[in-house]
Amino acid sequence: MNKVLVLHGPNLNLLGSRQPEIYGRETLGDIDNDLRQRAVLAGWEVDCFQSNHEGALIDAIHAAREDGTRAIIINPAAYTHTSVAILDALNAFDGRVIEVHLSNVHRREAFRHHSYVSLRADGVIAGFGSQGYRAALDAVIAATEA
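Residues numbered from 1 in each chain as written. Predicted model: local features only at pLDDT ≥ 70, side-chain atom pairs only at ≥ 80, totals over all residues. Heavy atoms only, no water.

J.: What exactly am I supposed to notice about the packing of helix α3 (residues 54-64) against helix α4 (residues 84-91) here?
T.: Two quantities define a packed helix pair, namely the angle between the helix axes and the distance between the axes. Between α3 and α4, whose axes approach to 9 Å, the crossing angle comes to 5°. In terms of orientation, α3 and α4 fall into the roughly parallel class. Residues Glu54, Leu57, Ile58, Ile61 and His62 of α3 lie in contact with α4, whose contacting residues are Ala85, Ile86, Ala89 and Leu90. Classifying every residue of the contact of α3 with α4 by side-chain character gives seven nonpolar, one polar and one charged. (Axes fitted to C-alpha atoms, helices over the stretch in contact; angles between N-to-C directions. Helix = DSSP H or I, 4+ residues; strand = E, 2+ residues; numbered from the N terminus. Parallel < 35°, antiparallel > 145°, perpendicular 65-115°, else oblique. Contact = heavy atoms within 4.5 Å. Nonpolar A, V, L, I, M, F, W, Y, C, P; charged D, E, K, R; others polar.)

J.: When you look at unusual backbone geometry in this model, what are you seeing that I'm missing?
T.: Leaving glycine out, the prevailing phi sign among residues is negative, and the prevailing peptide bond configuration is trans. One non-glycine residue, Asn11, lies in the positive phi region at around 75°. Within the secondary structure, Asn11 is located in the loop between β1 (2-8) and α1 (20-23). Under the relative-accessibility criterion, Asn11 is labelled partly exposed at 33%. Even without a glycine there, the phi angle at Ala77 is positive, about 50°. One can find Ala77 in the loop between β3 (69-75) and α4. (Buried < 20%, exposed > 50% of the residue type's maximum accessible area, 1.4 Å probe, protein only.)

J.: Looking at this model, I keep getting lost on the sheet that holds β3. Mind explaining?
T.: Remark on secondary structure: sheet strands pair via backbone hydrogen bonds, oriented parallel or antiparallel. Reading across from one edge, β2-β1-β3-β4-β5 is the order of the five strands in this open sheet, with parallel pairing throughout. Every interior strand has two partners, whereas the edge strands, β2 (44-50) and β5 (123-126), have only one. In this sheet, neighbouring strand axes are inclined to one another by 20° on average, regardless of whether the strands run parallel or antiparallel. The pairing of β1 with β2 spans seven bridges and is parallel. Looking at β2, one finds that Val6 is bridged to Cys48. Most of the contacts of helix α2 (residues 28-41) go to β2, to which it runs at about 165°, and overall it touches β1 and β2. (Pairing = 2+ DSSP bridges.)

J.: I would appreciate a short explanation of the side chain of Glu99 in the present structure.
T.: Examined against the element boundaries, Glu99 turns out to sit in strand β4 (residues 96-101). Although Glu99 is buried, it forms no salt bridge, and the closest oppositely charged side chain is Arg120 at an N-O distance of 10.0 Å. Of note is the side chain of Glu99, whose polar atom sits 2.6 Å from the side chain of Ser118. Residues within four places of Glu99 in sequence aside, it is in contact with Ile74, Pro76, Thr80, Ser115, Val117, Ser118, Ala121, Gly123, Val124 and Ile125. (Lys, Arg positive; Asp, Glu negative; His and termini not counted. Salt bridge = Lys/Arg side-chain N within 4 Å of Asp/Glu carboxyl O. Polar contact = N/O pair within 3.5 Å; in protein donor to acceptor, adjacent residues only side chain to side chain.)

J.: I keep staring at the pattern of salt bridges and nothing clicks. Help me out?
T.: Where charged atoms from two side chains of opposite charge approach closely, those side chains can pair. In the structure shown here, the tally under the stated rule is five salt bridges. Asp122 is paired through a salt bridge with Arg120; the nearest N and O atoms lie 3.4 Å apart. In this structure Asp122 comes out as partly exposed when scored by relative accessible area, which is 43%. In this structure Arg120 comes out as buried when scored by relative accessible area, which is 13%.

Below is the structure:
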């Protein structure tokens, strides 16, 4: 079975209640459940993982190298702008990588305009709320069918 790992970085466990004017009202569970349902319809499996800890996200990326994962969809949240370690882990992963951000980071504070993860990502989707995750999943599925 084709498998994709969806990684959510720090504070995304607060979706739905944290700054809904920026991040929307959907919860992380809503997003994950939607992705799992869409994946099943396409014959894919989605594993979702959220952590507020950089090392746990890196461990999940390392595990994806060995378990048949074909792609990683990652919203590294604040680690986008700070984590060379996540970039290094992603560089060791051979599958596709799609970076997702709920908000348009380029319309926000200047420090959010730089992404270490983008240096590895095959594509970046920002500013479309939870729809960005769906677009990333569609892109991953389409790329493997081509």
